[in-house]
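What follows is the residue order along each chain.
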Amino acid sequence: MKRKDYLMPDLKLEKKRSSKKDNETAYRDFQMSLEANRLGQDKKYYVKTYGCQANVRDGESLSGMLEMMGFTYAEVPEKADVILFNTCAIRRAAEEKVMAEIGNLKYLKKEKPNIIFVLCGCMAQEKDVVEELLQKHPQLDLIFGTHNLYRFPALLQEVMVKKIQKVEVYSQEGEVVESLPVKRSMSSKGFVNIMYGCDKFCTYCIVPYTRGKERSRRMKDILEEVSALKKSGRKEVVLLGQNVNAYGKDLHMEDGFTDLLRAISDTGIERIRFYTSHPRDYRSSLIDLMAERKNIMPFLHFPVQSGSNEILKRMARGYTVEHYISLYDEMMKKIPNMTFTTDIIVGFPGESDEDFEKTMNLVEHCQYDMAYTFLYSPRVGTPAASMTDSISKEVKKARLQRLNQRLREIAAKKNKVYLGRIVRVLCEGISKKNEKIYAGYTEDNKLVNFSCPWNCMDEIVDVEITETHSYTLNGRVLEK
Ligand code: 5AD
Ligand code: SF4
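In the annotation of an unreviewed UniProt entry, the chain is listed under the name tRNA-2-methylthio-N(6)-dimethylallyladenosine synthase and assigned to Bulleidia extructa W1219. Recorded in UniProt for the chain, the comment headed Subcellular location (unreviewed entry) runs: "Cytoplasm". Regarding the chain, the UniProt comment filed under Catalytic activity (unreviewed entry) reads as follows: "N(6)-dimethylallyladenosine(37) in tRNA + (sulfur carrier)-SH + AH2 + 2 S-adenosyl-L-methionine = 2-methylsulfanyl-N(6)-dimethylallyladenosine(37) in tRNA + (sulfur carrier)-H + 5'-deoxyadenosine + L-methionine + A + S-adenosyl-L-homocysteine + 2 H(+)".

Below, the structure is given as structure tokens:
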């Protein structure tokens, strides 16, 4: 039996937000010990990332740290000496996927007893989930949370040298740590965190607990990262934050996100996108800037969650449907070619037939290009998890199906107008089946599969659309 060293998460602390007075964010640069530097000699690693793009970006830093330690990348877990599960906690289904995957790989521990299993990310921040993990999967060697990502090399060293089982989860965010090494996963574009955490506490959501309070990165650090991406030949930056419109609040900036976006646009990078906007912190200045700048893409992911004011109130979203629609109308007036996507939760506790019909009505008004739709999943410790819910699973599933069907019809209709159009596509990948078929995104974020006689990876090319589907377009590249 291995010696155990546990620092477990604590929900009460995760809930806590510091007072306005000491709301300043502190910054520090990453450093790695010399011992950790040699830890990975002749060893391989495998990282499996689940969930949102913020997690993808964390995965890139984890890979960067592993490579700095001397580990090399393994294509499959079977070839690795360290296996890392970078997890997501947004819904129970995401957690179950991770649990199953750890179980599936258990046999590797028998074949190679020195293999190290590591789990990090949002699941590590949930006390009951960590307890479940330790009970079901005692083969996990190391669990650490989202707030001490930068501690990974030191923690891995301790686990490998002392041969202990370690849990180290901080329940409150500390400093923002800059200059973490990074191994970028894409050569066409780069993900850039502009802020961490969320202070919104929507009643269904676990993120404010697992990711901590809102902390903005300094503008100069963000601009340096964008410039480095541009210099490396990348055509696009994707700015990330749970709630990007709140950028700079903690830096006492008056209109932080718009100011940041303007400065990033000034770097001359070809394409800028950002996720995710919250209707509550929305400012008109943002849409004015988007209309003015060619390199800010005409696309907005604008989560609404529900079309019923009653449900929005119980979700604590902080806006009404009428307000959301007025913002949508203003944006469409100022940027008529803008595409729009959203997130919708179906089956929130107490959602009546009428509430759901209101969501269907909203979808008719906004004619979304796409929507990510989810069945509500109770998260331990969030207020909604203790709300009474009398609607059956069957009813919820039927609603979801009906919503998805209507969204698909709207998307198909909206995509039809692209037939015969010539669009600018940033090529991001090759079809698995046919290496002459490429895939990429238009300026307004439509996924296009297209043929091209030359290797156009990472290039922006003109593509003529020859066929349309609900969520993809097909086409062929125009000769240079
Ligand atoms: N159940 C279902 N969906 C959820 N989301 C967040 N929390 C939950 C939950 N408990 C959805 C929201 C959010 C998206 C990232 O995930 O729609 O915008
Ligand atoms: Fe979750 Fe709401 Fe914050 Fe989004 S804004 S991360 S849904 S609490």
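Student: Mind showing me how you'd approach the UniProt feature "domain: MTTase N-terminal" (unreviewed entry) in the chain here?
Tutor: Mapped onto this numbering, the UniProt entry gives "domain: MTTase N-terminal" (unreviewed entry) at residues 43-161. Span residues 43-161 is 46% helix and 19% strand, its end C-alpha atoms 15 Å apart.

Student: What should I look at first to understand the sheet that holds strand β1 (residues 4-7) in this one?
Tutor: Hydrogen bonds along the backbone pair up the strands of a sheet, which may run parallel or antiparallel. What the seven strands build is an open sheet, ordered β1-β8-β7-β6-β5-β3-β4; its pairing is parallel. Two strands close off the open sheet at either side, each with one partner strand: β1 and β4 (72-73). As paired strands, strand β6 (residues 116-121) and strand β7 (residues 142-144) are joined by two bridges and run parallel to one another. Opposite Val118, over in β7, you have Leu142 as the bridge partner. On the sheet, helix α6 (residues 127-136) packs against β1, β6, β7 and β8 (165-168) and is oriented at approximately 170 degrees with respect to β8.

Student: Before we go on, may I ask you to explain the layout of surface pockets in this structure?
Tutor: Where empty space is left becomes clear once a probe the size of a water molecule has been rolled over the atoms. In this structure, the second largest pocket spans a volume of roughly 710 Å³. Lining the second largest pocket are 35 residues, with Val177, Leu180, Asn193, Tyr196 and Arg217 positioned closest to its centre. Secondary-structure elements contributing two or more residues to the lining of the second largest pocket are α3 (53-68), β9 (176-178), β11 (195-196) and α9 (219-231). Of all the elements, α9 adds the most residues to the lining of the second largest pocket, at five residues.

Thresholds, definitions, all that
Residues numbered from 1 in each chain as written. Chains lettered and ligands numbered in written order. Predicted model: local features only at pLDDT ≥ 70, side-chain atom pairs only at ≥ 80, totals over all residues. Heavy atoms only, no water. UniProt positions renumbered as here; feature names shortened; annotations may be inferred. Helix = DSSP H or I, 4+ residues; strand = E, 2+ residues; numbered from the N terminus. Pairing = 2+ DSSP bridges. Contact = heavy atoms within 4.5 Å. Axes fitted to C-alpha atoms, helices over the stretch in contact; angles between N-to-C directions. 1 Å grid on protein atoms, 1.4 Å probe; cavity = no way out; pocket = protein on both sides within 12 Å on 5 of 7 lines; lining within 4 Å. Points joined across faces, edges and corners; volume = space filled by probe spheres on them.

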